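So you can see what is in the structure, the chains are spelled out below.
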Amino acid sequence: MRKIIYTLLFIVTVASVFAEEFSDIPQAEIDKKVSRAAAAIPLLVAHSSAAGVGMFIGDCSTTNVSFVDISVQQWWTPDPGTNTVRISKIKNLPDEWIFPTNVTVVFFAKTKAQWYGQHAEYYLTNAEERAELTFGDVDRSWFRKTRDNELVYVFATNLWGCLRTNLNLTNYYSMLRDAERTVSKQNSWRVHIDASKSLSWFLNDLSESDLAEKLDDPLLSPVMKGSVRATLYDKFQWRYVNGVITPPQ
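Residues numbered from 1 in each chain as written. Predicted model: local features only at pLDDT ≥ 70, side-chain atom pairs only at ≥ 80, totals over all residues. Heavy atoms only, no water.

### Comments concerning the overall build of the chain
Stated formally: Each helix corresponds to a stretch of at least 4 residues labelled H or I by DSSP, and each strand to a stretch of at least 2 residues labelled E; elements are numbered beginning at the N terminus. Residue burial is assigned from relative accessible area. The probe radius is 1.4 Å, only protein chains are included, and a residue is buried under 20% of its type maximum, exposed over 50%, and partly exposed in between. Here, two residues are considered to be in contact whenever any of their heavy atoms come within 4.5 Å of each other. Method for areas: the Shrake-Rupley scheme with a 1.4 Å probe, in which residue coverage is limited to the protein chains shown.
A count of helical and extended segments in the chain gives eleven helices and eight strands. Each of the 249 residues in the chain was classed as buried or not, and the buried ones make up 45%. Sequence separation of 24 or more characterises 62% of the internal contacts of the chain that already satisfy a separation of 6 or more. A total of about 13200 Å² of accessible surface is found on the chain, and carbon and sulfur atoms cover 52% of it.

### What to know about the packing of helix α10 (residues 208-215) against helix α11 (residues 222-236)
Definition in use: Axis definition: a line fitted to C-alpha atoms, limited for helices to the stretch in contact. Angles are taken between N-to-C directions and run from 0 to 180 degrees. Each angle receives one of four descriptions, namely roughly parallel if under 35 degrees, roughly antiparallel if over 145, roughly perpendicular if within 65 to 115, and oblique otherwise. Handedness of a crossing is defined here by the sense of rotation of the near helix relative to the far one, left-handed for an anticlockwise turn of less than a right angle and right-handed for a clockwise turn.
The N-to-C vectors of α10 and α11 enclose an angle of 150 degrees; their axes lie 9 Å apart at closest approach. Overall, the two elements α10 and α11 adopt an arrangement that is roughly antiparallel. Crossing angle aside, the handedness with which α10 passes α11 is left-handed. Across the interface between the two elements, Glu208, Leu211, Lys214 and Leu215 of α10 pack against Lys225, Val228, Arg229, Thr231, Leu232 and Phe236 of α11.

### What about the nonpolar core?
The condition that has to hold: The set of buried Ala, Val, Leu, Ile, Met, Phe, Trp, Tyr and Cys residues whose side-chain atoms join them within 4.5 Å is what this entry labels a nonpolar core.
Judged by nonpolar contacts, the single largest core of 38 residues is most densely connected at Ile41, Trp76, Phe108, Phe143, Phe155, Leu159 and Leu203. Listed by contribution, the elements that provide at least two residues to this core are α3 (41-47), β1 (50-57), β4 (105-111), α7 (147-165), α8 (169-182), α9 (185-204), α10 and α11. In terms of residue count, α7 provides more of this core than any other element does, eight residues in total. Ignoring sequence-local partners within four residues, the contact set of Phe108 consists of Leu44, Val45, Ser48, Ala50, Ala51, Trp76, Phe135, Ser141, Phe143, Ala156 and Trp160. Counting residues in hydrophobic clusters, the runner-up holds 17 residues, among them Val103, Val105, Phe135 and Val138.

By themselves, these observations are geometric and do not establish any function.
Structure below.
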């Protein structure tokens, strides 16, 4: 199954010269990027310092890898009073990487202080540098608004509503559950995989009683119910009795 997924990713990647992800990089690098937790859209939504909809201004090529500018059409984070944002310290790009201009994109950026975390004081010398914006994962920190018939855009905007506009973890769970179950890899591998990863992390952090409740959710996919059973078994000592997962006696 994993091989099939990676093959699909490769096909998607080479099908478009201006694909927003993976550009001209080896298959091994694609595999690494897909496995990165920080690149999942729910985490980008939850932790971005600046996010919105806009267009890249100019190209960030091998002769200019220090920054790229975005003309912002709609701010998702609070409007800072400017319609142009600079994403700094873009490096380690493939030779043929390109940010497409005249294409509407959704972007997620972090401050350098947020990106460096506890090491910020050591690596960043002043407040201005700490406030500069960067892409945590260059080619997964943005996507075209029209990507996958706007499935990625709808997924991100709905997540923004329940995580940033009005925090509601019940809606967050329902959104991940439904996306993992109903959006196929063929329709949008990004939505399916990011929803699957994020739902697994969410379930893994639940209490025993909440996990037991999710086990009875008729809309939770068989794969995710298997994950719930595994967590109940490993963390809470539930055991199988006559083939049925059962709480400790």
